[in-house]
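Results of the structural survey
So you can see what is in the structure, the chains are spelled out below.
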Amino acid sequence: HLITSKALKKAFDKFMGSFRSRNANVFHCLAPGTLIWREITAQQLCGYTPIEDFKAGDGVVTHEGRVRKVLQVITHVNSGKILNLELDNITVIKITDEHPILTKKDGWKKAKELIVGDVLMYPSEKWFIPIDVNNEIRGTNYGAKPNLLFEGAKVTKVTQDFYSGLVYNLEVEEDNSYLTEFATV
């Protein structure tokens, strides 16, 4: 399942429209331990970092394939339901039901609207090469917009649990999205 970032722009604008001018919503959150694709720097060679380890100023990769800065890390105590999205690659994503998530067929959907068979889009490993043509580690380039490709992981089961604890979201400049290990939120 491959799709270019250009094909996502129209769906993103339709779904997120008014959200772009607002801060990230505190009720759109992910459970601790969710791995987020961060900017690769000389100090940080590992591409994935748990969401709870981010701070303002860190770089993340967005659905547009651009590195953008985290403006703030939003946390709150969740005392209610959290969705468990089981994927065909044996991954489970724990997410609040209102969080937008990118699907192959319908574009951006709220997590609570996902059904078995939906395909979640995530960055292709073909795009994430941590060195450039000069064999140097890629540095900060906030203007870069490569041809980001996406792959898909099929939702095999959607359940909900009661979860009491901290949940997290990132407010990201401009694109207001970020990539997890197996989903784009």
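For the structure itself, consult the block above.
Fair warning: this is a prediction, and the values are worked out from it, not measured in the lab.

This part covers the overall build of the protein chain. Secondary structure assignment for the protein chain yields one helix and 10 strands. Counting from the amino terminus, helix and strand elements in the protein chain follow one another as β-α-β-β-β-β-β-β-β-β-β. Split into buried and exposed, the 185 residues of the protein chain put 48% on the buried side. Put simply, of all contacts in the protein chain between residues at least 6 apart along the chain, 70% involve residues at least 24 apart. Put simply, the protein chain shows about 9100 Å² of open surface, and 53% of that area lies on carbon and sulfur atoms.

This brings us to the nonpolar core. Counting 25 residues, the largest nonpolar core has Ile-95, Leu-120, Leu-170 and Tyr-178 as its most contacted members. Breaking this core down by element, the ones donating at least two residues are β5 (67–87), β6 (92–95), β9 (119–123) and β10 (149–172). If one sorts the elements of this core by residue count, β10 sits on top with five residues. Leu-102, Val-119, Met-121 and Phe-150 belong to the second-largest nonpolar core, a separate cluster that totals 10 residues.

Looking now at the pairing of strand β8 (residues 107–110). Examined bridge by bridge, strand β7 (residues 100–103) and β8 share four bridges and lie antiparallel to one another. Of the residues in β8, the one forming a bridge with Leu-102 is Trp-108. Linking β7 to β8, which pair antiparallel, is a turn of three residues.

Moving on, we get to the pattern of salt bridges. Under the defined criterion, the tally for this structure stands at eight salt bridges. For the salt bridge of Arg-38 with Asp-58, the shortest nitrogen-to-oxygen distance reads 3.3 Å. Here Arg-38 is found in the loop between β2 (35–37) and β3 (48–50), whereas its partner Asp-58 is found in the loop between β3 and β4 (59–61), with 20 residues between them in sequence. Of the residues examined, Arg-38 reaches a relative accessible area of 12% and is grouped as buried. Residue Asp-58 is classed as buried on the basis of its relative accessible area, which comes to 8%. Among the salt bridges present, the one from Lys-81 reaches Asp-97, with a minimum N-O distance of 3.4 Å. One end of the pair, Lys-81, is in strand β5; the other, Asp-97, is in the loop between β6 and β7, and 16 residues separate them in sequence. Its relative accessible area of 18% is what places Asp-97 among the buried residues.

About the thresholds
- For every chain, the first residue of the written sequence is number 1, and numbering continues from 1 along that sequence.
- Owing to the predicted nature of the model, reporting of local features is limited to residues with pLDDT of at least 70; listing and counting of side-chain atom pairs is limited to 80 or more, with chain, interface and lining totals taken over all residues.
- For side-chain calculations, the full set of non-hydrogen atoms in the structure is used, while hydrogens and water are omitted.
- A helix here means a DSSP run of H or I that spans at least four residues, while a strand means a run of E at least two residues long, and both kinds are numbered starting from the N terminus.
- Residue burial is assigned from relative accessible area. The probe radius is 1.4 Å, only protein chains are included, and a residue is buried under 20% of its type maximum, exposed over 50%, and partly exposed in between.
- The contact criterion used is simple: two residues touch if any of their non-hydrogen atoms lie within 4.5 Å.
- Areas reported here follow the Shrake-Rupley algorithm with a probe of radius 1.4 Å; residue values treat only the protein chains shown as occluding.
- Throughout, nonpolar core names a set of buried Ala, Val, Leu, Ile, Met, Phe, Trp, Tyr and Cys residues whose side chains join them through atoms within 4.5 Å.
- Between any two strands, at least two bridges found by DSSP are needed for them to pair.
- Take a side-chain nitrogen of Lys or Arg and a carboxyl oxygen of Asp or Glu: if they are within 4 Å of each other, that pair is a salt bridge.

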